[in-house]
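Notes for the structure review
Listed below are the residues making up each chain.
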Amino acid sequence: MIPLHPALDITLQINLCAGDLAYAAQTVPALVATHRPSVREVLVVADGCRPQSTPWLDADRRFPATDFAARIDRLRELCASLEAKGILDRTVWLEPDPQALRSLNQRYVGIRTERSHDHLGHAFSAYFLGWESSRTRYIAHFDADIILWQQPGFSWLRAATAAIANDEILLAVSPRIAPPPAGDEMVHVEAAGSGWLPTWPLVRTGSGWHSPWFSTRCHLMDRERLQRILPLTPGRGHAGDLRAARIDSALSALYRRGVLSGSGSRLGRVLSSRIPPFPLPPEVLLHEHAQRSGRRCLYLGDPRAWFIHPDTKSDTFLRLLPRLLEVAGQRGACPAAQRGVSGVQFRAWEEFSI
């Protein structure tokens, strides 16, 4: 049988880490089932690196080493199971290998740092490894906690590649980041949990909205165009970023010993207000670099595809997840309070009936 949408030059790539264990066995198969007909390969980048301590994060307290190692073992088992079931084609691991991390980060940010996570403990190098590991021109990236709806017969990936082909300034494309509201807007920017800040520009176009802000939660990236603008440099410039990296390196031993780590300590609070954060999150790097290079992300206006995202992975989210996947992910339905808001509105979902 000929598929409705023949596979495009796209890799579906999903990030997995120890923090995703509670829900990934449900969300990953759902994302793959939606996109499998349109992609050449399904790839998981599994993060085996423990976040490093910084003035903003005490890793020993937040991610105790023994517990973290056990969770990584469970993550390896999950990835092996997903591969055995044919849900994944390939798993690439981000390992705590300083030399490999320095080489990868050098290519993407121009600094040979072995940091695997940003200054707040969020994924950093895992995004670069995803872009790096694809064997296709385009990579459709998802974080593992995304719940996406796509109308049967429609492919937001096909719309995205067509948009990139017709617009040289586009580096990436994302679907709507929330169920469409009643008016001609992408999200209710001022609403709590909207997923969008008022400081991020949005310019209406015929097919959606242009912005120099890139969603690292969900995007289709043109890897050829990305390679042309690397390394990603923040607004403070390469020299400023290098200075921040040198300060981070000089103090890293004290962070590891817990002397200066975590904003809960007095010294941590002092440092977090006085030293430049390093590394900056990938979305900040993309945003600030794009503003100088003239590159943009297109957020599609088409209402036939949208996603929602939990701002917290609470027990409520885990309890509601099967219903979210069925009602939002499969039927495209949602409570009125969810429209124009990307963050999952837990109370509205608890009261919603269909």
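Going by the structure above, here's the rest.
Attention here is on the structure that accompanies the text. Residues take numbers from 1 onward in each chain, read along the sequence in its written order. In keeping with the model being predicted, local features are shown solely for residues with a pLDDT of at least 70 and side-chain atom pairs are shown and tallied solely at 80 or more, while totals for entire chains, interfaces and linings include all residues. Side-chain numbers come from the whole structure's heavy atoms, not from hydrogens or water.

Moving on, we get to the overall build of the protein. Where helices and strands are cited, they refer to DSSP runs of H or I of at least four residues and of E of at least two residues respectively, numbered from the N terminus. Scanning the protein from N- to C-terminus turns up 12 helices and 11 strands. The quantity called the radius of gyration is restricted to C-alpha atoms. Its globule counterpart is 2.2 Å times the number of residues to the power 0.38. Against the globule reference of 20 Å for 354 residues, the protein gives a C-alpha radius of gyration of 20 Å, in line with a compact fold. Expressed along its principal axes, the backbone C-alpha trace of the protein runs to roughly 55 × 40 × 40 Å. Contacts are residue-level and defined by heavy atoms, with any inter-residue pair within 4.5 Å sufficient. A separation of at least 24 residues holds for 77% of the contacts in the protein among residues at least 6 apart in sequence. Each accessible area is a Shrake-Rupley result for a 1.4 Å probe, and residues are judged covered by the shown protein chains and nothing else. Total accessible area on the protein stands at roughly 15200 Å², and carbon and sulfur atoms take up 52% of it.

Note on pairing: DSSP must find at least two bridges between two strands before they are called paired. A sheet is described by the order of its strands in space; here nine strands give the open sequence S3-S2-S1-S4-S9-S6-S10-S8-S7, paired in mixed fashion. Strands at the two margins of the open sheet, each flanked by one partner only, are strand S3 (90-94) and strand S7 (203-204). Sheet analysis places strand S2 (residues 41-47) next to S3, joined by five bridges and oriented parallel. Counted as the bridge partner of aspartate 47 is leucine 94 from S3. For helices, the fitted axis covers only the stretch in contact; all axes are lines through C-alpha atoms, and the angles between them, taken along N-to-C directions, range from 0 to 180 degrees. Sheet strands in contact with helix H1 (residues 24-35) are strand S1 (10-16), S2 and strand S4 (138-143), and its direction is about 170 degrees off that of S1.

The next subject is the pairing of strand S8 (residues 208-211). In this sheet, S8 lies alongside S7 in antiparallel orientation, the contact comprising two bridges. Bridged to valine 203 within S8 is histidine 210. Following S7, the chain reverses through three residues before pairing antiparallel with S8. In this sheet, strand S10 (residues 296-300) lies alongside S8 in antiparallel orientation, the contact comprising four bridges. If you follow tryptophan 209 over to S10, its bridge partner there is tyrosine 299.

With that settled, consider the packing of aromatic side chains. Geometrically, a pair of aromatic rings is defined through the distance of the ring centres and the angle of the planes. Ring pairs are drawn from Phe, Tyr and Trp, using the six-membered ring of Trp, whenever the two centres fall within 6.5 Å, and their geometry is named by plane angle: stacked under 30 degrees, edge-to-face over 60, tilted for the rest. With the rule as written, the count across this model stands at 12 aromatic pairs. Both rings, one in phenylalanine 124 and one in phenylalanine 128, keep their centres 4.9 Å apart while their planes meet at 75 degrees; by these two values the pair is edge-to-face. When the centroid spacing of 5.9 Å and the interplanar angle of 40 degrees are considered together, the rings of tryptophan 149 and tryptophan 306 count as tilted. Placement of tryptophan 149 in strand S5 (residues 147-150) and of tryptophan 306 in strand S11 (residues 305-308) is noted, with a sequence separation of 157 residues between them. Put simply, the rings of Tyr108, Phe124, Phe128 and Trp131 touch in pairs and so form one group of aromatic residues.

Our next topic: the layout of surface pockets. Taken as a whole, the second largest pocket encloses approximately 510 Å³ of empty space. Surrounding the second largest pocket, 25 residues form its lining, Gln52, Glu114, Arg115, Ser116 and Arg256 being those nearest its centre. Take the lining of the second largest pocket: its biggest share by element is seven residues, from helix H8 (residues 237-256). Each residue gets one of three labels, nonpolar for Ala, Val, Leu, Ile, Met, Phe, Trp, Tyr, Cys and Pro, charged for Asp, Glu, Lys and Arg, and polar for the others, Gly among them. The residue makeup of the lining of the second largest pocket, split by class, is 10 nonpolar, six polar and nine charged. Residues are called lining when one of their atoms sits within 4 Å of a cavity or pocket point, these points coming from a 1 Å grid over the protein atoms alone, where a cavity is a set in which a 1.4 Å probe fits but cannot get out and a pocket is an open set with protein on both sides within 12 Å along at least five of seven lines. Grid points are joined across faces, edges and corners, and a volume is the space filled by probe spheres set on the points.

Attention shifts here to the nonpolar core. A general feature of soluble globular proteins is that nonpolar side chains tend to end up buried together. Judged by nonpolar contacts, the single largest core of 105 residues is most densely connected at Val28, Trp131, Phe142, Trp156, Leu220 and Trp349. Top contributing element to this core by residue count: helix H11 (residues 315-330), with seven residues. Contacts of tryptophan 349, omitting those with residues within four sequence positions, involve Ile308, Leu320, Arg323, Leu324, Val327, Ala328, Ala333, Cys334, Pro335, Gln338 and Val344. Each nonpolar core is a collection of buried residues, namely Ala, Val, Leu, Ile, Met, Phe, Trp, Tyr and Cys, held together in the definition by side-chain atoms within 4.5 Å. Each residue is placed in one exposure class: buried if its accessible area under a 1.4 Å probe, protein chains only, is under 20% of its type's maximum, exposed if it is over 50%, and partly exposed if it falls in between.

Counting buried positions along helix H5 (residues 125-133) gives eight out of nine residues, so the element sits mostly inside the fold. Looking only at H5, the buried set comprises Ser125, Ala126, Tyr127, Phe128, Leu129, Gly130, Trp131 and Ser133.

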